[in-house]
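Observations on the three-dimensional arrangement
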Amino acid sequence: MTVALHVNVDHVATLRNARGTRYPDPVHAAALCELAGCDGITVHLREDRRHIRDRDVRVLRDTVGTLLNLEMSATEEMLAIALETKPDLVTLVPERREERTTEGGLDVVGNAAAIGAAVARLRDAGIPTSLFIDPESAQVDASALAGAAAIELHTGDYAHGGTRAPAELVRLGAAGAHATRRHPSLRVAAGHGLTLRNTSPLVAAVPSIVELNIGHALVADAVFMGLEEAVSRYRDAIEAGAAERDE
Ligand code: PXP
């Protein structure tokens, strides 16, 4: 089975905002990624607007023809934006202002009522929700109970785990298998810290994954090789991992 590649274009906006220019535009980047064959575009509208801005989300809603995945925290402000712009998918993530990037998964177990209410509001507006969680079966079960259409397993501990990476792969595999077995309608995505090196082993080891969100490393690679080549190399890495798991 193929695994979808959703490209996160946040860091094109980071570069733009570093100089307060109009370029490089994440909207252009998204179009190039789509032309290169990605399956979706992901953006994280952070509370402090450090990269993606409201205008980017609005324009992307009009231009993205594959799938637009809006990552956001479950605040009133963000829910209002999502309900108005209607992305194809919302991914709820925890957010702390002082963090450099999303540092951990959502605690769905500890915040079941609030997260369930946010998922229900989005669902009533026809927007499916994915929950970004650490690879733990209790969080998987709570996500299904909250009405999520999908979970996104946090791969940061795997990506940055060094010698612990093999153990983290086992943890991701177990959480993914648990989701597939217990909640067959729950889609399993994964992301954070994925690179050209660590994507294939992840796809090979976690057969439940149907979708990856990749941003920082792909945009960094594109600085040297161009976006089209970068998308195509990540696609190859995914295919190599998928071929290994299907053997
Ligand atoms: N998935 C989620 C939920 C994220 O918050 C991020 C970072 O914005 C990513 C995937 C992409 O991570 P990276 O930029 O490290 O590829």
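Below is a short write-up of the structure. For clarity, every value in this text was computed on a predicted model and none was experimentally measured.

Let's talk about unusual backbone geometry
A cis amide bond links Tyr 23 with the next residue in sequence, Pro 24, at an omega value of -10°. Summarising the element assignment, Pro 24 is placed in the loop between α1 (10–19) and α2 (26–35). Here the phi dihedral of Arg 49 falls at roughly 55°; this positive angle occurs in a residue that is not glycine. With respect to the element layout, Arg 49 can be found in the loop between β2 (40–44) and α3 (54–63). Residue classification places Arg 49 among the buried residues on the basis of a relative accessible area of 18%. In this structure, His 192 takes a positive phi of about 115° despite not being glycine. When you line up the elements, His 192 lands in the loop between β7 (187–191) and α9 (199–205).

Structural notes on the sheet that holds strand β1 (residues 4–8)
Strand-to-strand pairing in sheets goes through backbone hydrogen bonds, with the strands running parallel or antiparallel. The eight strands lie next to each other as β1-β2-β3-β4-β5-β6-β7-β8, forming a closed barrel whose pairing is parallel. Recorded for the sheet is a direction-independent mean angle of 25° between the axes of neighbouring strands. Bridging between β1 and strand β8 (residues 211–214) involves four bridges; their strand directions are parallel. Residue pairing for β8: Leu 5 is matched across the bridge by Leu 212. On the sheet, α3 packs against β2 and β3 (68–72) and is oriented at approximately 160° with respect to β3.

A short note on the packing of helix α4 (residues 76–85) against helix α5 (residues 112–124)
The interhelical angle for the contact between α4 and α5, taken along N-to-C directions, is 20°, at an axis separation of 10 Å. Overall, the two elements α4 and α5 adopt an arrangement that is roughly parallel. The interaxial crossing formed by α4 with α5 has right-handed handedness. Residues Glu 76, Leu 79, Ala 82 and Leu 83 of α4 lie in contact with α5, whose contacting residues are Ala 118, Arg 121 and Leu 122. Taken together, the residues that form the contact of α4 with α5 break down as five nonpolar, no polar and two charged.

Remarks on helix α10 (residues 216–225)
Taken residue by residue, α10 has Ala 217, Leu 218, Val 219 and Ala 222 as its buried positions. Buried residues in α10 make contact with β1, α1, β8 and α11 (227–246).

A word on the state of the cysteines
Summed over all chains, the structure comprises zero disulfides. Take Cys 33: it sits in no disulfide, and the sulfur closest to it among the cysteines is that of Cys 38, at 5.3 Å. A relative accessible area of 0% places Cys 33 in the buried class.

A look at the nonpolar core
Proteins that are soluble and globular tend to have nonpolar side chains buried together. Of all hydrophobic cores here, the largest spans 68 residues; its most connected members are Leu 92, Leu 131, Leu 202 and Leu 212. Here this core takes six residues from α11, the largest share from any one element.

With respect to helix α8 (residues 165–182)
The terminal C-alpha atoms of α8, which comprises 18 residues, lie 26 Å apart, in line with the 26 Å expected from a rise of 1.5 Å per residue. Of the residues making up α8, those classed as buried are Ala 165, Glu 168, Leu 169, Leu 172, Gly 173, Ala 175, Gly 176, His 178 and Ala 179. Of the surrounding elements, those touching the buried residues of α8 are α6 (137–145), β6 (150–154), α7 (156–159), β7 and α9.

What counts as what
- Residues numbered from 1 in each chain as written.
- Predicted model: local features only at pLDDT ≥ 70, side-chain atom pairs only at ≥ 80, totals over all residues.
- Heavy atoms only, no water.
- Helix = DSSP H or I, 4+ residues; strand = E, 2+ residues; numbered from the N terminus.
- Buried < 20%, exposed > 50% of the residue type's maximum accessible area, 1.4 Å probe, protein only.
- Pairing = 2+ DSSP bridges.
- Axes fitted to C-alpha atoms, helices over the stretch in contact; angles between N-to-C directions.
- Contact = heavy atoms within 4.5 Å.
- Parallel < 35°, antiparallel > 145°, perpendicular 65-115°, else oblique.
- Left-handed = near helix turned anticlockwise from the far one by under 90°.
- Nonpolar A, V, L, I, M, F, W, Y, C, P; charged D, E, K, R; others polar.
- Disulfide = S-S within 2.5 Å.
- Core = buried A, V, L, I, M, F, W, Y, C linked by side-chain atoms within 4.5 Å.
- Expected span 1.5 Å × (residues − 1).

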